[in-house]
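# An overview of the molecular structure
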Amino acid sequence: MRFRHPDGSIVHLSYCTNVHPAETLDGVRAQLRDHCEPVRRRLGRDRLGIGLWLAREAARVLINDPAELRALRAELDSRGLEVVTLNGFPYEGFGADEVKYRVYRPDWTEPERLAHTTDLARLLAALLPDDVTEGTISTLPLAWRTPYATDPGAARTARAALTTLAQRLDALAELTGKSIRIGLEPEPGCTVETTADAIAPLTDVGHERIGICVDTCHLATSFEAPDTALDALTAAGIPVVKSQLSAALHAEHPHLPEVRTALAAFAEPRFLHQTRTRTAAGLRGTDDLDEAVAGGALPDSTPWRAHFHVPLHAPPALPLTSTLPVLRATLARLVGGPVPLTRHLEVETYTWQALPAELRPRTRTQLADGIAAELTLARDLLVDLGLKELP
């Protein structure tokens, strides 16, 4: 979906396909047929943006077979789908029964991460619509905090990898005329947990093609104020290459038994749901939600937030709620000013099938309806900020 900003530039809105498990190219094609095109039809649009997730196996097939890449581009066109951004955070196995810490490997100290991200950049340059010259890719924020924090050479290795990547992106732009930018995506528990944590390593790299991806669920989980975060990034000259529109789980009164019971329903075995609370002594947290609700690990006199991407249009029932207000405030700063701070927005609720059983979509139709409702909410927010939806 495309929107014209009051300054005349185009802002793209998509939804991320990592909600649909697929490791192979055949699986990606099935996603386009069974999920993406039906969402487009529900929205009554001739064209729908998707933030494509390509697992390692699918990416390698496309890199090694130009005919397959041309065929994928043609299929996107025929189904009324366009790609301006990729989710390069998960490497493989994102649809596994248990993902947890595995999603952070390989990290930016390992050569596989650089190789995969380079492949993704080459693929995105080929998949961009003819009238679009800029693509973006989100990636993990260097590494999970351990063992990175205790390895004296880790930061140097990661910085060297990102510098090499920037050089490759420059060469790719020279060759194709397409500018691909990479955004580190701060996430609780990682080396770069907050936007503030991103400033030093990105300043060290010091390249316009390497910036930040602001995920509004992660921002909220870490209790970052959108204005403060974005002001600091702007002052440091760190570009917001893309933003993922998502909402975290919020518990205002975690000391109450009924709140603990409600939170426990969201503790599940597939994904990691880092949980945080803000205290007078600073941010406190656990790596997963079940650790928090079990009691004793976190102080419960202040609100808790958990890294669980809840559907934008359907916050959980009381006594829980979502951090949709943080998304709204962030979006207002990103695209509500005289000049957009980013032009790529991606709805990323990948946890539909991890919701409590009674809230999960039971059919493809229900899932498509839910994704369409999220995109409709995002569209309405953009229109309210003065952007004009384009055909």
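First, a word on scope: everything that follows refers to the structure included in this document. Bear in mind the structure is a predicted one, so any value in this text is a computation, not a measurement. (Residues numbered from 1 in each chain as written. Predicted model: local features only at pLDDT ≥ 70, side-chain atom pairs only at ≥ 80, totals over all residues. Heavy atoms only, no water.)

Moving on, we come to helix α4 (residues 111-127). Spanning 17 residues, α4 covers 25 Å between terminal C-alpha atoms, matching the ideal 24 Å at 1.5 Å per step. Among the 17 residues of α4, twelve are classified as buried, and the element is accordingly described as predominantly covered. The complete set of buried residues in α4 reads R113, L114, H116, T117, T118, D119, L120, A121, L123, L124, A125 and L127. (Helix = DSSP H or I, 4+ residues; strand = E, 2+ residues; numbered from the N terminus. Expected span 1.5 Å × (residues − 1). Buried < 20%, exposed > 50% of the residue type's maximum accessible area, 1.4 Å probe, protein only.)

What follows deals with the nonpolar core. By size, the foremost hydrophobic cluster in this structure holds 114 residues, and its most contacted members are L13, Y15, I50, W108 and L375. Tallying contributions element by element places helix α13 (residues 364-384) first for this core, with nine residues. Here Y15 is in contact with H20, H35, C36, V39, L48, G49, I50, G51, E346, V347, I371 and L375, once residues within four sequence places are set aside. (Core = buried A, V, L, I, M, F, W, Y, C linked by side-chain atoms within 4.5 Å. Contact = heavy atoms within 4.5 Å.)

Another aspect to go through is the state of the cysteines. This structure, assessed with the given rule, holds zero disulfides. The structure places no disulfide on C190, whose sulfur is separated from the nearest cysteine sulfur, that of C217, by 13 Å. Here C190 falls in the buried class, since its relative accessible area comes to 4%. Distance from the sulfur of C213, which forms no disulfide, to the nearest cysteine sulfur (C16) is 9.6 Å. (Disulfide = S-S within 2.5 Å.)

On to the sheet that holds strand β10 (residues 275-279). Across the sheet, five strands lie side by side as β11-β10-β12-β9-β13; this open sheet has antiparallel pairing. Looking at which strands have only one partner, the edges of the open sheet turn out to be β11 (282-286) and β13 (320-322). Strand-to-strand twist in this sheet, taken as the mean axis angle between neighbours without regard to direction, amounts to 30°. (Pairing = 2+ DSSP bridges. Axes fitted to C-alpha atoms, helices over the stretch in contact; angles between N-to-C directions.)

Burial analysis of strand β8 (residues 240-245) places six of its six residues in the buried class, which makes it a mostly covered element. Both strand β7 (residues 210-215) and β8 contribute to a ladder of four bridges, which runs parallel. Residue pairing for β8: I212 is matched across the bridge by V240. With three bridges joining them, β8 and strand β14 (residues 344-347) adopt parallel strand pairing. If you follow L245 over to β14, its bridge partner there is V347.

The next point concerns the pattern of salt bridges. Scanning all chains against the criterion turns up 30 salt bridges. Linking R29 and E75 is a salt bridge whose minimum nitrogen-to-oxygen distance equals 3.6 Å. Here R29 is found in helix α1 (residues 25-43), whereas its partner E75 is found in helix α3 (residues 66-78), with 46 residues between them in sequence. For the pair R29 and E75, a shared accessibility class is recorded, and that class is buried. We note a salt bridge from D300 to R260, for which the minimum N-O separation is 3.0 Å. Taken together, the residues D300 in the loop between α11 (289-293) and β12 (304-310) and R260 in helix α10 (residues 257-264) connect sequence positions 40 residues apart. Assessed through its relative accessible area of 28%, D300 is described here as partly exposed. Because the salt bridges share partners, they merge into one network encompassing D26, R29, E37, R40, R41, E68, E75 and R79. (Salt bridge = Lys/Arg side-chain N within 4 Å of Asp/Glu carboxyl O.)

Position of I238 among the secondary structure elements: in the loop between α9 (226-236) and β8. Counting along the chain gives 82 residues from I238 to L320, while the straight-line C-alpha distance between them is 34 Å. Excluding anything up to four places from it in sequence, I238 contacts I199, L202, T203, G211, I212 and L233.

Given a rise of 1.5 Å per residue, 13 residues ought to cover 18 Å, and the 18 Å separating the end C-alpha atoms of α3 matches this to within 8%. Among all positions in α3, only L69, L72, R73, E75 and L76 are buried. Looking down the long axis of α3, one finds its buried residues gathered within 160° of arc, a one-sided arrangement. Facing away from the buried side of α3, by more than 90 degrees, are the exposed residues R70 and S78. Residues of α3 that are buried in the fold lie against α1, β3 (48-52), α2 (56-64), β4 (81-87) and α4. (Arc of directions from axis to C-beta.)

None of this, on its own, says anything about what the molecule does.
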